[in-house]
Amino acid sequence: MNIPKFADRLKEPNKGEILFEAYCASKGYKFNRIGFDEHKSEVSNFYHLNHLIRNLPDYVVHTENCSYVVQVKGTDNFKKKEIDLLPLFLEWYSAPKAPLVYAFCFEGCDPLLKYPDQIIRLYEKSVDQRWDDGVVYRCLNLR
């Protein structure tokens, strides 16, 4: 599979987030954006910020029964540096009444919702790969 470079990916809209917002709207879920949108370059020198700030989850979603802190993914690739930070993300972003969940959003289906423990298990079953810029990731093979 030919994955475009990061700079090229930024030229395209974030399809995962577009699909996620459409899904929430179709279900009548209230959602608020809390994270940064790297496509809009909202913060100067973004990559100079602390890793916990740079990795703020994308949304808080309120369903009829629960609230969720949601990180949206438009692919099933998961970076090594993100898996290494996952315990901190749980500590900082997850709460008993608003758990952290990852929404993997692909065209033609509802988001695939995965909790961090599920991400870790999927990651452990995958193999390291490396993008052109040297970033190590693994494909979680969700599709």
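Anything mentioned here points back to the structure above.
In this report, the structure presented in the accompanying data block is examined. Position numbers for residues start from 1 in each chain and track the written sequence from start to end. Restriction of local features to residues with pLDDT of at least 70 applies here, the model being predicted, together with a cutoff of 80 or more for giving and counting side-chain atom pairs; totals for whole chains, interfaces and linings are based on all residues. Neither water nor hydrogens contribute to the side-chain values; these are computed over all heavy atoms in the structure.

Turning to helix H5 (residues 116-124), a few remarks are in order. Every buried residue belonging to H5 is among Pro116, Ile119 and Tyr123, and all of these are buried. Each buried residue of H5 sits inside an arc of 55° when the element is viewed along its axis, so together they form one side. Residues are treated as being in contact if the distance between any of their heavy atoms lies within 4.5 Å. Each helix is a run of H or I in the DSSP string that is no shorter than four residues. Each strand is a run of E no shorter than two, and both are numbered from the N terminus. On its buried face, H5 is in contact with strand E4 (77-79), helix H4 (80-93), strand E5 (100-104), strand E6 (112-114), strand E7 (128-130) and strand E8 (136-139). Exposed residues in this analysis have more than 50% of their type's maximum accessible area, buried residues have under 20%, and partly exposed residues fall in between, with area computed by a 1.4 Å probe over protein chains only. Within this analysis, the arc is defined by the directions that extend from the helix axis to the C-beta atoms.

Below, the discussion takes up the pattern of salt bridges. Should a side-chain nitrogen of Lys or Arg be within 4 Å of a carboxyl oxygen of Asp or Glu, the pair is scored as a salt bridge. Going through the model one piece at a time under the given rule, you end up with 7 salt bridges. In this structure, the salt-bridge partner of Arg33 is Asp58, at a minimum N-O distance of 3.8 Å. Placement of the pair is Arg33 in strand E1 (residues 30-33) and Asp58 in the loop between helix H3 (51-54) and strand E2 (59-62), with a sequence separation of 25 residues. A salt bridge links Arg143 to Asp76; the nearest nitrogen and oxygen atoms lie 3.5 Å apart. Placement of the pair is Arg143 in the segment after E8 and Asp76 in the loop between strand E3 (67-73) and E4, with a sequence separation of 67 residues. On the accessibility criterion, Asp76 (5% relative accessible area) is buried. Shared partners join several salt bridges into a network, and the residues in it are Glu17, Arg33 and Asp58.

Moving on: the environment of Lys73. For Lys73, the position within the fold is in strand E3. Once residues lying within four places of it in the same chain are set aside, the contact partners of Lys73 are Phe78, Glu82, Tyr102, Ala103, Phe104 and Cys105. Two N or O atoms count as a polar contact when they lie within 3.5 Å, although within protein this holds only if one can serve as hydrogen donor and the other as acceptor, and sequence-adjacent residues are included solely when both atoms are side-chain atoms. At 2.6 Å, the side chain of Lys73 forms a polar contact with the side chain of Glu82.

Note: two strands are recorded as paired if DSSP finds a minimum of 2 bridges between them. Across the sheet, which stays open at both edges, the 5 strands sit in the order E1-E2-E3-E5-E6 with mixed pairing between neighbours. Each of the sheet's edge strands pairs with one partner strand only, and the pair in question is E1 and E6. Sheet twist, expressed as the average angle between the axes of neighbouring strands with direction ignored, equals 30°. Against the sheet, H4 contacts E3 and E5, and its axis sits at roughly 130° relative to E5. Here an angle of 0 to 180 degrees is reported between the N-to-C directions of two axes, which are lines fitted to C-alpha atoms, with helices fitted over the stretch in contact. Along the sheet, H5 contacts E5 and E6; its crossing angle with E6, the most-contacted strand, is approximately 95°.

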